[in-house]
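This is what each chain is made of:
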Amino acid sequence: MLREIRPAIVLLLVLTAITGLAYPLAMTAIAGALFPAQAQGSLIEKDGKVIGSALIGQEFRDNRYFHGRLSATVAPDPNDPTKTVPAPYNAANSGGSNLGPTSKVLADRLREDVDKLKAENPNAAVPVDLVTTSASGLDPDISPEAAQFQVPRVARARNMPEDQVKQIVTANTEGRLFGLIGEPRVNVLALNLSLDRAAAR
């Protein structure tokens, strides 16, 4: 019996060492050498201080900034741990709202958000990604259409010409990967940092 069990135990230990230790450590070292910024979380710094990541969205409420996609992430309620409270872009608890297309709560929220955005920019159609949440709740990007939709509000709040704000949006728009994969997108944090730099000039 020991003769049959011993090879299984040895194989388990060898495969654990290879796939559980050696391979992950090798991949981490290679990634750190080839892509140091990405391996460290694609962190974004301003004045030597980390202010976010290009991979995780942030909540911007000020009218002077572009707003990102809505986030449905939650956190434990500090007053009642059996309940949760909204915590936008909570990377420790990523996920969507799980509200389906027949949900009255979702329909009411969408109606309110669309009405609010139409009041902000009545001459343009409301882009869908400004009123819907992503599956992760951490989406750092919006569509170029969602960014262009917000140009009049941002330009008014900053007292900047709309054409200048549009140029900043265009400069921060990333195309499809290799011209084929994904959709054009705008990283909201990078866009807002570019906007701050332009306003400071």
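This section reports on the structure supplied with the text.

Calculation notes
- Residues numbered from 1 in each chain as written.
- Predicted model: local features only at pLDDT ≥ 70, side-chain atom pairs only at ≥ 80, totals over all residues.
- Heavy atoms only, no water.
- Helix = DSSP H or I, 4+ residues; strand = E, 2+ residues; numbered from the N terminus.
- Expected span 1.5 Å × (residues − 1).
- Bend = angle between axes of the 7 residues up to and from the residue.
- Buried < 20%, exposed > 50% of the residue type's maximum accessible area, 1.4 Å probe, protein only.
- Salt bridge = Lys/Arg side-chain N within 4 Å of Asp/Glu carboxyl O.

1. Topic: helix 4 (residues 144-158)
(1) Moving on: For helix 4, which comprises 15 residues, the first-to-last C-alpha distance of 20 Å matches the rise-based estimate of 21 Å (1.5 Å per residue) to within 8%.
(2) Moving on: In helix 4, a bend of some 40° at Val-151 exceeds every other bend along the element, and Pro-152, a proline, comes one to four places later.
(3) Moving on: Listed as buried for helix 4 are Pro-144, Ala-146, Ala-147, Phe-149, Gln-150, Val-151, Pro-152, Arg-153, Val-154, Ala-155 and Arg-158.
(4) Moving on: Where helix 4 terminates, the next one or two residues include Asn-159, which has phi positive at roughly 55°.

2. Let's talk about the pattern of salt bridges
(1) Moving on: A complete count under the given rule lists 13 salt bridges for this structure.
(2) Moving on: One salt bridge in this structure joins Asp-113 and Arg-109, with 2.6 Å as the shortest N-O distance. In this pair, Asp-113 and Arg-109 both sit in helix 3 (residues 104-120), four residues apart, roughly one turn of the helix.
(3) Moving on: For Glu-174, the salt bridge identified is with Arg-185, shortest N-O distance 3.3 Å. In this pair, Glu-174 is assigned in strand 6 (residues 173-174) and Arg-185 in strand 7 (residues 185-187), connecting sequence segments eleven residues apart.

These figures capture arrangement, not role.
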